Each structure stands twice: as structure tokens, then as C-alpha cells.
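Okay, here's what each chain looks like letter by letter:
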Amino acid sequence: MDLQRVSRRSLLTAAAALGAAAALGPSAAAAPRGTLRRRAGQDPRSELVALRGSRSGLPWTSGAFTAHDRGALAAFEAGRGRPLDACAVFTSRESARAGLNTWWLDAARPVTDDGGWLLLAVPLWNDDQDLRSDTASFFTGVGAALASAGTARRTLVRLGWEMNLPSWRHRVTPANRTAWTAAFRSAVAHLRAAAPGVSVVFNPNEGGDQTGVPMASLALDLLDSYEFVGPDHYNWYPVVNDAATWESVYRRPGGLRQWERFAAEHGKGYAVPEWGGYPGAAAGRGSDGAYYASRMVDRFRQVSASGTSVVEAYFNEPAPYIANALWSPTQMPALARAYRAALG
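Predicted model, so just to flag it, every value in this text is computed and none were measured. Residue indices begin from 1 for each chain and proceed along its sequence in written order. Only residues with pLDDT of at least 70 are given local features in this predicted model, and only at 80 or more are side-chain atom pairs given and counted; all residues enter the totals for whole chains, interfaces and linings. Each side-chain value is derived from all of the structure's non-hydrogen atoms; neither hydrogens nor water enter the calculation.

Kindly report on the nonpolar core, identifying the contributing residues and their values.
General note: in soluble globular proteins, nonpolar side chains tend to be found buried as a group. Here, nonpolar core refers to any group of buried Ala, Val, Leu, Ile, Met, Phe, Trp, Tyr and Cys residues whose side-chain atoms link them within 4.5 Å. Whether a residue is buried, partly exposed or exposed follows from its accessible area with a 1.4 Å probe, protein chains only, as a fraction of its type maximum: under 20%, in between, or over 50%, in that order. Within the largest apolar cluster, 72 residues are counted, with the highest numbers of intra-cluster contacts made by Leu 146, Phe 202 and Tyr 339. Two residues qualify as a contact provided that any one of their heavy atoms is within 4.5 Å of a heavy atom in the partner residue. Ignoring anything within four residues of it in the chain, the contact list for Leu 146 reads Trp 104, Leu 118, Leu 120, Thr 151, Ala 152, Thr 155, Val 157, Ala 195 and Val 198. Val 201, Trp 236, Val 311 and Tyr 321 belong to the second largest nonpolar core, which has 24 residues in total.

Here it is as C-alpha cells:
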């Protein structure tokens, strides 16, 4: 069974029940954009981030999740008319031992062997662990695998991604926040030690403090522990099909604008590691619309033009639980056409 699909189904079910997320509060005004700040002691000659698409020629790093399938990856590239700059993958997570199996590297090879990036989602602890577990050997092992594969300097690790989902095993709550933060820092330390040059993404789900922990506050607590920050974002609740709805969704607490500004203000790269349509939204009417795709791509272009490094990945999944693939099969034809046209 594909563990990624099972976990994503749980996410979608939880998000559907939540609807609009709780508010986080307004973000601070954006500071002047610049390149990413280097970590203390980092070699200034080392590669930090690609400011342009290494394979696509776009002004940002543009990728996709293609269900760990090379055929789907090739079809996605052909459909959009540009190579992918990043391939999004997930470790297995039924156990720490399974999580160290690097089968996901093979799925990304067409991209990573050609100078592209790996966008790797890794839980803060696996299903046979909990917050009290010693995860040092696990994160050292993941880092060692990236170093051995030669991809460490072109890998962004989505550590403990979507930590603000109430149904998530590695969620953060007011009760575990102190221990959770310590676990995040420990994981980062072991990853960096074993895989010099690896980058970390602080990656909540779009929306407010769904588990009672404000994400902007948590991101500030961990500011020295990641290089990229930004939310996963799907076209649902409400579905964006016009300018007014877009502005409401874009500007709401915990939304895209908040995280764009946070990244710029704190000298971080900006990441949207998952985005896409969702056919189950809007009482079954779905979100196969052109407007959402064109505005998302426009934001990536605008944020990168402002001087902030941008990484994004469309979540392209044909399985019934989400069924939002753009090519082979084409389940969202309007979105697919708009996405290709917006890329230019």
C-alpha cells in the first residue's frame, strides 16, 4: 500500500472537516527582500539556494510531486512544456527502519541527476516512535543517505511538515510545544551534521493555529533551524474562481501573503511544497479552475522578482482520494491549461 496516499487521505479528510482555518493574526510589514542569510560559520563559498530554475529556465525553482512514478514525472514535464526543477518525494513512515529505505531517490533521479532539487518530506518521528523517542540515528541515517547520493546540497527537507494539522501524528500542541521544538532542533542538527549543505523547510498547512499553536510564533522560535518557510495550499474552502475570493484567501491569517512577508522579513527562502486543485471541495463542484492556477504562478513570479528565493511543487496525484492530476491522466483540464499558459 502506498503510505503517502493513506496519509494524504487523512489530511484531506481533516482539512475538509476544519473548513476555514483559525486565525493567526496579521503578519508584520515586509522588510526589503534579499538573499538568504547564511548560518553562522557557514562557508560563504558554499551553494545555498538556486535563485532560478536549474532546468526549467523559470525565475524560481518549480517542481511537482508525481506519486513517486518516473512515467508520471515525464508526462508532467511534457504536459507543462518545461522540465521540473524539483521532484517532491516522501519517506516511508510506518517505522524508523522503513524510513531509512531510500527507494524514493530512484523516483527523483531524472531530476536530481540533471542538476535539479529533491524536495523530501520527513516526519519528526515515525509511526513506531513518538515525541519521547531518540531519533538521532534516524536523522543521521537520512542525512548520510543524502550525502552518499550526492544530493545533500540540492535537497530541501520538509521536516515535520503540516505540523498544525490536528490529525497528524507529529502535530505540535500547546502541551508538547517545548518538547516538539527541541525535537525539531535535534533533528536539524543531526541532518546538517550528516549532510552538509542540506536545507530545511518550515512547512505548516495553510491556515491558522489549528492545534492551538500559532505557526508564526513557532516559526520565530525556530528561526535558526531552517532556510525556507511557507505553507501547503490547496484550492478549497472556499474555491478560488474570481478576484474577490482570491484576495480573501490570499490575505487571510495563515495564508500565502503572511508567509511571503515572513520569508522576506526574516531573510528566508519561500516555499509552497504542495499546491493544487481538489475535486471534493465546494460541495462536490471541485476546483478545476483556471483562475487559481494563474494566480499561484503569478505569486511565485512576483515573489521571486522581489529577491526572495522561491521553491514550489504542484501535488499531482491521480488516486481517487484527491484525483487532481494534470496530465496522464488529465483530471483537471482547465487547471492544466491555465498552469501551462501561466508558465509561459
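Go over the packing of aromatic side chains with me, naming the residues and quoting the values.
In this scheme Phe, Tyr and Trp rings, the latter by its six-membered ring, pair at centre separations within 6.5 Å, and the angle between planes marks the pair as stacked below 30 degrees, edge-to-face above 60, and tilted otherwise. In total, this model carries 25 aromatic pairs according to the counting rule given. When the ring of Trp 275 is compared with that of Tyr 314, the centres are 5.1 Å apart and the planes differ by 90 degrees; the resulting orientation is edge-to-face. In this pair, Trp 275 sits in strand 8 (residues 269-277) while Tyr 314 sits in strand 9 (residues 310-315), placing the two residues 39 residues apart along the sequence. The same class applies to Trp 275 and to Tyr 314, which are both buried. Aromatic ring contacts, followed pair by pair, group Phe 65, Phe 90, Trp 161, Trp 168, Tyr 234, Trp 236, Tyr 237, Tyr 278 and Phe 315 into a single cluster. Positioned over the ring face of Tyr 226 is Lys 268, at 4.8 Å from the centre of the ring. Per the convention used, a helix needs a DSSP run of H or I reaching at least four residues, while a strand needs a run of E reaching at least two, with both numbered from the N terminus. Counting as a charge over the ring demands two things of the Lys NZ or Arg CZ atom: a distance within 6 Å of the ring centre and an angle within 35 degrees of the ring normal.

Can you tell me about the environment of Asp 127, naming the residues and giving the values?
Structurally, Asp 127 can be placed in the loop between strand 3 (117-122) and helix 5 (136-149). Discounting chain neighbours no more than four positions away, the residues touching Asp 127 are Arg 93, Glu 94 and Arg 169.

Describe the pairing of strand 9, naming the residues involved and giving the relevant values.
Summarising burial for strand 9: six of the six residues are buried, a large majority. The alternating pattern of strand 9 places Val 310, Glu 312 and Tyr 314 on one face and Val 311, Ala 313 and Phe 315 on the opposite face, and all of these are buried. Strand pairing requires that DSSP identify at least two bridges connecting the strands. Pairing analysis gives five bridges linking strand 1 (residues 61-65) to strand 9, with the strands arranged parallel. Considered in strand 9, the bridge of Thr 61 is made with Val 311. With four bridges joining them, strand 8 and strand 9 adopt parallel strand pairing. Pairing of Ala 271 across the sheet is with Val 311, part of strand 9.

Any details on helix 10 (residues 290-305)? Residues and values, ideally.
Each residue after the first adds 1.5 Å to the expected span of a helix. Counted at 1.5 Å a residue, the expected span for helix 10 with its 16 residues is 22 Å, and the 23 Å between its end C-alpha atoms agrees. Three or more residues of helix 10 are buried, namely Tyr 292, Ala 293, Arg 295, Met 296, Val 297, Arg 299, Phe 300, Val 303 and Ser 304. In this fold, the buried residues of helix 10 make contact with strand 7 (233-235), helix 8 (243-251), helix 9 (256-265), strand 8, strand 9 and helix 11 (333-343).

I'd like to hear about unusual backbone geometry, residue by residue, with values.
Where the residue is not glycine, phi is negative for most of them; where a peptide bond is considered, it is trans in most cases. The omega torsion of the bond from Tyr 237 to Pro 238 falls at -5 degrees, within 30 degrees of zero and hence cis. Within the element layout of this structure, Pro 238 appears in the loop between strand 7 and helix 8. Omega for the peptide link from Ser 328 to Pro 329 comes to 5 degrees, which places this bond in the cis form. As for its placement among the helices and strands, Pro 329 is situated in the loop between strand 9 and helix 11. Unusually for a residue other than glycine, Glu 162 sits at a positive phi of about 55 degrees. Note on placement: Glu 162 falls in the loop between strand 4 (155-159) and helix 6 (177-194).

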